[in-house]
Amino acid sequence: MSNRKPYVREMTRTWWKDHPFYRFYMVREATILPLIFFTICLTFGLGSLVKGPEAWATWLSFMANPVVVVLNILALAGSLFHAQTFFSMMPQVMPIKIKGKALDKKIVVLAQWAAVAAISLFVLVLV
């Protein structure tokens, strides 16, 4: 039996900062933080809508706070960034073939953005 200690590579808390791929991945995953805030705000807004006009007015005044507006803008930017990265990965993860030929990646990405625009327009007109 050997008395040698096994080699254990040191792992710092900032290991991901050394490689651009991991930095990008961590930034992409960090976009969830403002979205969590937005989801909580929306959930409380639905709850206040159920409670009545006074609770709804209180929630609306909270949402008008400049800090909340900035956080919601960050959440929108984060969700758009997250969607863009997801849409750009889609043709690589699930290539679409028509008559044996792979569809151009740009067409797939643009089709997804067109679907987002159409759904957003539909909701905007509906509400």
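Residues numbered from 1 in each chain as written. Predicted model: local features only at pLDDT ≥ 70, side-chain atom pairs only at ≥ 80, totals over all residues. Heavy atoms only, no water.

Per an unreviewed UniProt entry, the recorded name for the chain is Fumarate reductase subunit C, and the organism is Photobacterium sanguinicancri. The UniProt entry for the chain carries this comment under Sequence similarities (unreviewed entry): "Belongs to the FrdC family." Entered under Function (unreviewed entry) in the UniProt record, the comment concerning the chain runs "Anchors the catalytic components of the fumarate reductase complex to the cell membrane, binds quinones." (UniProt positions renumbered as here; feature names shortened; annotations may be inferred.)

To continue, consider a nonpolar patch on the surface. A contiguous nonpolar patch, built from Met11, Trp15, Phe21, Tyr22, Tyr25 and Met26 and spanning about 640 Å² of accessible area, is present on the exposed surface. Tracing the chain through its elements places tyrosine 22 in helix H1 (residues 20–30). (Patch = residues over 30% accessible without salt bridge, like charges linked within 9 Å, V, L, I, M, F, W, Y side chains within 5 Å. Areas by Shrake-Rupley, 256 points an atom, 1.4 Å probe, with all protein chains shown as cover. Salt bridge = Lys/Arg side-chain N within 4 Å of Asp/Glu carboxyl O. Helix = DSSP H or I, 4+ residues; strand = E, 2+ residues; numbered from the N terminus.)

Backbone phi values are negative for most residues with the exception of glycine, while trans is the configuration of most peptide bonds. At lysine 99, a residue that is not glycine, the phi angle is positive and equals roughly 55 degrees. Within the secondary structure, lysine 99 sits in the loop between strand S1 (97–98) and strand S2 (101–102). Using a relative accessible area of 85% as the deciding quantity, one classes lysine 99 as exposed. (Buried < 20%, exposed > 50% of the residue type's maximum accessible area, 1.4 Å probe, protein only.)

Quick look at the side chain of arginine 28 now. Checked against the element boundaries, arginine 28 lands in helix H1. Within the structure, arginine 28 has its side chain in polar contact with the side chain of threonine 85 (distance 2.6 Å). Those residues in contact with arginine 28 that lie beyond four places of it in its chain are Phe81, His82, Thr85, Phe86 and Met89. (Polar contact = N/O pair within 3.5 Å; in protein donor to acceptor, adjacent residues only side chain to side chain. Contact = heavy atoms within 4.5 Å.)

Once that is clear, we can look at the side chain of asparagine 72. With respect to the helices, strands and loops of the structure, asparagine 72 is situated in helix H4 (residues 66–93). The contacts of asparagine 72, once residues within four sequence positions are left out, are Phe37, Phe38 and Met63.

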